[in-house]
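Take a look at the letters that make up each chain.
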Amino acid sequence: MGFKEASSTTIFCLLLLFCLGCRCLASELVATQAATLKVDASPQSARKIPETLFGIFFEEINHAGAGGIWAELVSNRGFEAGGPHTPSNIDPWSIIGDDSSVFVATDRTSCFSRNNVALRMEVLCDDCPTAGVGIYNPGFWGMNIEDGKAYNLVMYVKSPETTDLTVSLTSSDGLQNLASTTITVSGTSNWTKLEQKLVAKGTNRTSRLQITTNKKGVVWFDQVSLMPEDTYKGHGFRTELISMLLDLKPRFLRFPGGCFVEGDWLRNAFRWRESIGPWEERPGHFGDVWHYWTDDGLGYYEFLQLAEDLGAAPIWVFNNGVSHNDEVDTAAIAPFVKDVLDSLEFARGSADSTWGSVRAAMGHPEPFPVKYVAIGNEDCGKKFYRGNYIKFYNAIRQAYPDIQMISNCDGSSKPLDHPADLYDFHVYTDSKTLFNMKSTFDRTSRSGPKAFVSEYAVWRSDAGRGSLLASLAEAAFLTGLEKNSDIVQMASYAPLFVNDNDRTWNPDAIVFNSWQHYGTPSYWMQTLFRESSGAMLHPITISSSYSGSLAASAITWQDSENSFLRVKVVNFGSDAVSLTISTTGLQASVNALGSTTTVLTSWNVMDENSFSNPNKVAPVKSELSNAAEQMQVTLAPHSFSTFDLALAPSKLVAEM
């Protein structure tokens, strides 16, 4: 290429870039909107937000508990997942060897009356392989075994002849041995409880537990458990997942569902009695709504313990005699009512009461402070719901006058036709609809029971697996709940967890597998509301032709040392916004030192987080150098921004 040709090309490119630059600049100028947000921070205009406003809802869905926050590594530890009939399915247990060397089947010889299925293993080989034959369990899509960590094995075994069992933690193909020990089983007709600590010498994210022997004969197994030693507070929960919950500062925990409470059929509904007591004796059950077995190691007691560990008020959702497909007639509901009263005595009764003594025997002599119960889940339209509801309501009110009862019927647009302290409100919809629902409770009567928005989320079309767009609409919705917190008592996102190997429901707040985890944009959005519960809410007004794409709220809150005015603003539109924030009525001066801004945004509204890029859409915090009672800020397109203005000591005090 000659010089003249190159020069012409260069000039052309420069002109083209100049034109494109002008076009972009012009486009940018046109796309920047102006708006004013006024905050009335005077004490007389402020209103306190309920201490309970934002919390969490846990449902056993997506393997959130079994194979999730509950740290048990063995799946189907009691061989009960095939049901009480034998022979039954023992999945995911498999044999090591072949059919000519080892044969396994279930029978009903267990020493536990409530879960009497056990596994019978017959070793057939006279000259078994050196490595032995036996059984293995891969856990929930592989066990995460980490170098140097300890794992506590408990299992029940019997054998008519003395035999040696080798218990190992290995890679999924059995070739990498991470930990191993040999246990001698004395020949006896009685079951023996064996306990062993295994310390890993190596890391493998998809490990398995295997039990092998070289000796011909028969061995029975039941209730084989492997728990990491380093669970949260020693209470059986995965520490890193509980840390994600603690970062939300939840004020309540609603549990254990959801549809999980109802069941497709009543026979498969969650039963609290069967989920308490020694873990070995719990029968477990098949959750037929979400289609997997739970051994109920994460039971009623453990949920109460989790709420206490999180510093959250427990909200017990119980079955009211209604499932998705069958119901108990109100005339026959009395045993269900008695069952719920017993559950409350278990939680709240003294250590010498009938059910309180069971709780005390499990290690918690002090009562749990259960002050909220939800009578059913999404059952308002069912034939016997209202009749059953009244029976539960009257019995609980008489026995526990302080307990707040939550109805499944929506009272946001018309009065309820039955007594309730709160009513349940669920919403799953597209982002545009939820954004516009920020004013839903503006029109709700202030004289009725308060709302519990126990399940909200952007769902389906523009939710993806947790998109930025979804989180922005949800943030706007929450600003509306803050502004209506005189009648909205509590709110929680749903679902909370999803195991990446069982994405039954999308999206979810926290995604995990056996060893990784990340928060979706909706999770990070919630962290920006964690100071709202118990804060002071201030009136705001927005002036702009673009205000239909904005949502905002303002609060004052305190940490252990300082006070802040926080202004939260959602820009749901595709234009940048030059926003003037003007504050009046402050009783303290704004201090630029310590003032910050936090922004949740990304290049594409459908951006998501992932294991490979867990912080692609996450809040970015920076100093707010121009913090003042009046200041100019820029809102990025499709963003959620918070502005925390540090408040200095009172002006009056400063002048004295």
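Residues numbered from 1 in each chain as written. Predicted model: local features only at pLDDT ≥ 70, side-chain atom pairs only at ≥ 80, totals over all residues. Heavy atoms only, no water.

### Side note on the state of the cysteines
Structurally, a disulfide amounts to a covalent bond that connects the sulfur atoms of two cysteines. Applying the stated criterion across every chain, the model contains two disulfides. Between the sulfur atoms of Cys125 and its disulfide mate Cys128 the distance is 1.9 Å. The sign of the S-S torsion, about 95°, decides the handedness of the disulfide formed by Cys125 and Cys128: right-handed. On the basis of relative accessible area, Cys125 is assigned to the buried category, the value being 11%. Numbered by order of appearance in the sequence, the disulfide-linked cysteines of the protein pair as 1-2, 3-4. Cys380 supplies the cysteine sulfur nearest to Cys259, a cysteine that is in no disulfide, at a spacing of 15 Å. (Disulfide = S-S within 2.5 Å. Buried < 20%, exposed > 50% of the residue type's maximum accessible area, 1.4 Å probe, protein only.)

### Some points on the domain arrangement of the protein
By convention, interface size is frequently given as the accessible area that disappears when the constituent parts associate. Split into domains, the protein comes out as domain 1 (33-51 + 535-646), domain 2 (94-228) and domain 3 (251-408). If you average the C-alpha positions of domain 1 and of domain 2, the two centres end up 56 Å apart. (Domains from an automatic or database assignment.)

### Here's the deal with unusual backbone geometry
One can expect most non-glycine residues to show negative phi and most peptide bonds to be in trans. The omega torsion of the bond from Phe255 to Pro256 falls at -10°, within 30 degrees of zero and hence cis. In this fold, Pro256 is placed in the loop between strand E15 (252-255) and helix H3 (259-262). Cis geometry is adopted by the peptide bond preceding Pro495, which originates at Ala494 and carries an omega value of -10°. If you trace the backbone, Pro495 turns up in the loop between strand E23 (488-493) and strand E24 (497-499). Positioned with a positive phi, Phe79 is a non-glycine residue whose angle comes to about 60°. Summarising the element assignment, Phe79 is placed in the loop between strand E3 (56-57) and strand E4 (94-96). Overall, the relative accessible area of 0% leaves Phe79 in the buried class. A positive phi angle is found at Asp296, which is not glycine, with a value near 60°. (Helix = DSSP H or I, 4+ residues; strand = E, 2+ residues; numbered from the N terminus.)

### A closer look at the sheet that holds strand E9 (residues 150-159)
Overall, antiparallel pairing links the five strands, which are arranged E5-E6-E14-E9-E12 in an open sheet. Looking along the sheet, the strands with just one partner apiece sit at the ends: strand E5 (102-107) and strand E12 (188-199). Each strand axis lies, on average, 30° off the axis of its neighbour in the sheet, ignoring direction. Here E9 runs beside E12; their pairing, made up of nine bridges, is antiparallel. Residue pairing in the sheet places Asn152 in a bridge with Lys197 of E12. (Pairing = 2+ DSSP bridges. Axes fitted to C-alpha atoms, helices over the stretch in contact; angles between N-to-C directions.)

### Overview of the packing of helix H5 (residues 334-348) against helix H7 (residues 385-399)
The contact between H5 and H7 brings their axes to 10 Å, and the two run at 35°. The chirality of how H5 crosses H7 is right-handed. Residue-level contacts link Phe336, Val337, Val340, Leu341 and Leu344 of H5 to Lys391, Phe392, Ala395, Ile396 and Ala399 of H7. (Left-handed = near helix turned anticlockwise from the far one by under 90°. Contact = heavy atoms within 4.5 Å.)

### Focus on helix H4 (residues 300-310)
For an α-helix, the turn length of 3.6 residues means that residues three or four places apart are oriented alike. The buried fraction of H4 is high, at ten of eleven residues. Residues Tyr300, Tyr301, Glu302, Phe303, Leu304, Gln305, Leu306, Ala307, Asp309 and Leu310 constitute the buried set of H4. Buried positions along H4 lie against E3, helix H2 (239-246), E15, strand E18 (313-318), H5 and helix H6 (356-361). Taken from the residues just after H4, Gly311 is the one with a positive phi, measuring 70°.

### Some words on the sheet that holds strand E1 (residues 32-40)
Strand-to-strand pairing in sheets goes through backbone hydrogen bonds, with the strands running parallel or antiparallel. Taken in spatial order, the four strands make up an open sheet running E28-E1-E31-E34, and their pairing is mixed. Two strands bound the open sheet, and with one partner strand each, they are strand E28 (540-543) and strand E34 (630-635). Ignoring strand direction, the axes of neighbouring strands in this sheet form an average angle of 20°. Relative to E28, E1 runs antiparallel, the two being bridged by four bridges. When the sheet's bridge partners are listed, Thr36 is paired in E28 with Ser543.

### Comments concerning the packing of aromatic side chains
Enumeration over the complete set of coordinates arrives at 36 aromatic pairs. Aromatic side chains Trp290 and Trp505 sit 6.3 Å apart centroid to centroid with 90° between the ring planes, which places their arrangement in the edge-to-face category. Placement of Trp290 in the loop between strand E16 (285-287) and strand E17 (292-294) and of Trp505 in the loop between E24 and strand E25 (510-512) is noted, with a sequence separation of 215 residues between them. There is no split in this pair, since Trp290 and Trp505 are both buried. Measuring from centroid to centroid gives 6.4 Å for Tyr301 and Phe346, while their planes differ by 80°, and the two rings are edge-to-face. In this pair, Tyr301 sits in helix H4 while Phe346 sits in helix H5, placing the two residues 45 residues apart along the sequence. According to the relative accessible area criterion, Phe346 is buried, its value standing at 0%. In this structure, Arg208 is placed above the aromatic ring of Tyr136, and the distance from its NZ or CZ to the ring centre is 4.0 Å. The ring of Phe57 has Arg254 lying over it, and the distance from NZ or CZ to the ring centre is 4.2 Å. (Phe/Tyr/Trp six-rings, centres within 6.5 Å; stacked < 30°, edge-to-face > 60°. Lys NZ or Arg CZ within 6 Å of the ring centre and 35° of its normal.)

### Describing the environment of Leu496
Along the chain, the position of Leu496 falls in the loop between E23 and E24. Sequence separation between Leu496 and Ile61 is 435 residues; the distance between their C-alpha atoms is 9.1 Å. Residues within four places of Leu496 in sequence aside, it is in contact with Ile56, Phe57, Phe58, Leu245, Asp508, Ala509 and Ile510.

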